[in-house]
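Examining the three-dimensional arrangement
Residues per chain are reported as follows:
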Amino acid sequence: MMDSSYFENFTEVHGIIMYKEFAQYWDDVEAFQARPDDVVIATYPKSGTTWISEIIYMIYKESDVEKCQDATYNRIPYLECRAEGIMNGVKQLNEMLSPRIVKTHLPSEQLPNSFWEKNCKMIYLCRNAKDVAVSYYYFFQMASGHPNPGTFPEFVEKFMDGQVPYGSWYKHTRSWWEKRENPHVLFLFYEDMKEDIRKEIKKVMQFLGRKPSEELVEKIVHHTSFQEMKNNPATNYTTLPEEAMNHKVSPFMRKGITGDWKNYFTVALNERFNMHYEQQMKGCTLNVRTEI
Ligand code: A3P
């Protein structure tokens, strides 16, 4: 049963569920002025944003780990994020020297126009919906601003309905898949990164116009492995106050695998999810692996 307090911290922006605090300042997001050398990292939440962010930052710093010691959310500002007195993505970005790396969870049609007008490079990272749902379920419990997600099957219903921040995974993913042939857009998969990280890092380097040297790639592979990032305070979000993220409930760097959904979906839930998935993705050529 949907309890009315579920939506207490949420509202809608252009038809998608959004955190109320972010939505209050939406004009600032829409009016955001991109610069031609900005690089955008776009994802649906819980798709490996932090992982790809660290990889791109390392590429920018030519694998100099010394230059990667500040927290992720300071180095790669989260465009639409707004929490009074704590976080203001637009302000951070406006004050930042170029080149900037911008994190966003917006669907392609909601990305501020300026990024399209300035032909900025954009990297979209996609992760299969089932693992995203599991990861989001734990994130609801550990990160402030989220209601009680209920049982896992209850949460999955909300996820399928798009009743979570950033709305429908299906629409979000499709919105970016439609942009995949735009030469300024690189469409990546979390599952490909899990399978062959070197190949994906080289792809990103090429896209960003960098020469993929073996030495740089190896350093990036090491520094951005799940274990390294889990132990690194700059990337594991433990520098945020416990009120914002409680890692005792569930660590931000939780498991970092493909196929964890099998531990949560019953046979019946999986069948229901698959049927709904087929309907939602009808006519779309996108194929996302749920196991590797
Ligand atoms: P799990 O909850 O499944 O473990 P985001 O950064 O978009 O919020 O995504 C978080 C998810 O990415 C979490 O998934 C987290 O563990 C995973 N992740 C973060 N860094 C990773 C890495 N270096 N390798 C693999 N997965 C990583």
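Worth saying up front: this structure is predicted, and the values here are computed from it rather than measured.

Rules and cut-offs
Residues numbered from 1 in each chain as written. Predicted model: local features only at pLDDT ≥ 70, side-chain atom pairs only at ≥ 80, totals over all residues. Heavy atoms only, no water. Helix = DSSP H or I, 4+ residues; strand = E, 2+ residues; numbered from the N terminus. Rg over C-alpha atoms; globule rule 2.2 N^0.38 Å. Buried < 20%, exposed > 50% of the residue type's maximum accessible area, 1.4 Å probe, protein only. Contact = heavy atoms within 4.5 Å. Lys, Arg positive; Asp, Glu negative; His and termini not counted. Charge placed at Lys NZ, Arg CZ, Asp CG, Glu CD. Pairing = 2+ DSSP bridges. Axes fitted to C-alpha atoms, helices over the stretch in contact; angles between N-to-C directions. Near = heavy atom within 4 Å. Polar contact = N/O pair within 3.5 Å; in protein donor to acceptor, adjacent residues only side chain to side chain. Areas by Shrake-Rupley, 256 points an atom, 1.4 Å probe, with all protein chains shown as cover. Nonpolar A, V, L, I, M, F, W, Y, C, P; charged D, E, K, R; others polar. Core = buried A, V, L, I, M, F, W, Y, C linked by side-chain atoms within 4.5 Å. Parallel < 35°, antiparallel > 145°, perpendicular 65-115°, else oblique. Left-handed = near helix turned anticlockwise from the far one by under 90°. Salt bridge = Lys/Arg side-chain N within 4 Å of Asp/Glu carboxyl O. Phe/Tyr/Trp six-rings, centres within 6.5 Å; stacked < 30°, edge-to-face > 60°.

**Section: the overall build of the protein chain**
The helix and strand inventory of the protein chain stands at 14 helices and 8 strands. Scaling as 2.2 N^0.38, a compact globule of 292 residues should have a C-alpha radius of gyration of about 19 Å, and the protein chain matches this with 18 Å. Structurally, the protein chain occupies a C-alpha span of about 50 × 40 × 40 Å along its principal axes. Counting all 292 residues of the protein chain, 55% fall into the buried class. Pairs at least 24 residues apart make up 73% of the contacts formed inside the protein chain by residues separated by at least 6 positions. Computed over 35 positive and 40 negative side-chain charges, the inter-centroid distance for the protein chain is 3 Å.

**Remarks on the sheet that holds strand E6 (residues 101–104)**
Picture the strands of a sheet paired through backbone hydrogen bonds; they go either parallel or antiparallel. One open sheet accounts for 4 strands, arranged E6-E3-E7-E8; its pairing is parallel. Strand pairing shows two members of the sheet lacking a second neighbour, E6 and strand E8 (185–189), which therefore form its edges. When strand polarity is set aside, the average angle formed by the axes of neighbouring strands in this sheet is 20°. Here strand E3 (residues 39–43) runs beside E6; their pairing, made up of 4 bridges, is parallel. Along E6, the bridge assignment pairs Ala42 with Thr104. Packing of helix H11 (residues 197–207) onto the sheet brings it into contact with strand E7 (121–126) and E8, and relative to E8 it is tilted by some 170°.

**Observations regarding the site of the ligand**
If you check the shell around the ligand, you find 18 residues, and the closest are Thr49, Thr50, Ser135, Lys255 and Gly256. At a separation of 3.1 Å, an oxygen atom of the ligand approaches a polar backbone atom of Ser47. For the ligand, whose free accessible area comes to 580 Å², the fraction covered by protein is 97%. Secondary structure elements with two or more residues in the shell around the ligand: helix H3 (49–60) and helix H13 (226–231). The greatest single-element share of the shell around the ligand, amounting to 3 residues, is contributed by H3. Split into classes, the residues belonging to the shell around the ligand amount to 6 nonpolar, 8 polar and 4 charged.

**Some remarks on the nonpolar core**
Residues Phe115, Tyr136, Phe159 and Trp169 are the most contacted members of the largest nonpolar core, which totals 100 residues. Residue contributions to this core peak at 9 residues, all from helix H7 (residues 129–142). Contact partners of Trp169, with chain neighbours within four places excluded, come to Tyr44, Cys126, Arg127, Asn128, Ala129, Val132, Phe159, Tyr277, Met281 and Val288.

**Quick notes on unusual backbone geometry**
With an omega dihedral of 0°, the bond running from Ser98 to Pro99 counts as a cis peptide bond. Within the element layout of this structure, Pro99 appears in the loop between helix H5 (89–95) and E6. For His14, which is not glycine, the phi torsion reads 45° and is therefore positive. Structurally, His14 can be placed in the loop between strand E1 (10–13) and strand E2 (16–19). One non-glycine residue, Ser63, lies in the positive phi region at around 65°. You can see Ser63 is positioned in the loop between H3 and helix H4 (72–75).

**Looking at the packing of H3 against H11**
One way to put it is that H3 packs onto H11 with a least axis distance of 11 Å and a crossing angle of 55°. On the basis of their axis angle, the class for H3 and H11 is oblique. Regarding H3 and H11, the two cross each other, and that crossing is right-handed. Along its contact with H3, which presents Trp51, Ile52, Ile55, Ile56 and Ile59, the element H11 presents Ile197, Ile201, Val204 and Met205. Its residues assigned to classes, the contact of H3 with H11 shows 9 nonpolar, no polar and no charged.

**Digging into the pattern of salt bridges**
Scanning the entire structure with this criterion turns up 16 salt bridges. One salt bridge connects Lys248 with Glu242, and the closest N-O pair in it is separated by 3.0 Å. The class for Glu242 is partly exposed, based on a relative accessible area of 43%. Bridged by salt links that share partners, the residues Asp192, Glu195 and Arg289 form one connected network.

**What about the packing of aromatic side chains?**
In the structure shown here, the tally under the stated rule is 35 aromatic pairs. Judged by centre distance (5.8 Å) and plane angle (85°), the ring pair of Tyr6 and Phe10 falls under edge-to-face. On the basis of relative accessible area, Tyr6 is assigned to the buried category, the value being 2%. Taking the relative accessible area as the measure of exposure, Phe10 reaches 5% and is therefore buried. When the centroid spacing of 4.9 Å and the interplanar angle of 65° are considered together, the rings of Phe140 and Phe155 count as edge-to-face.

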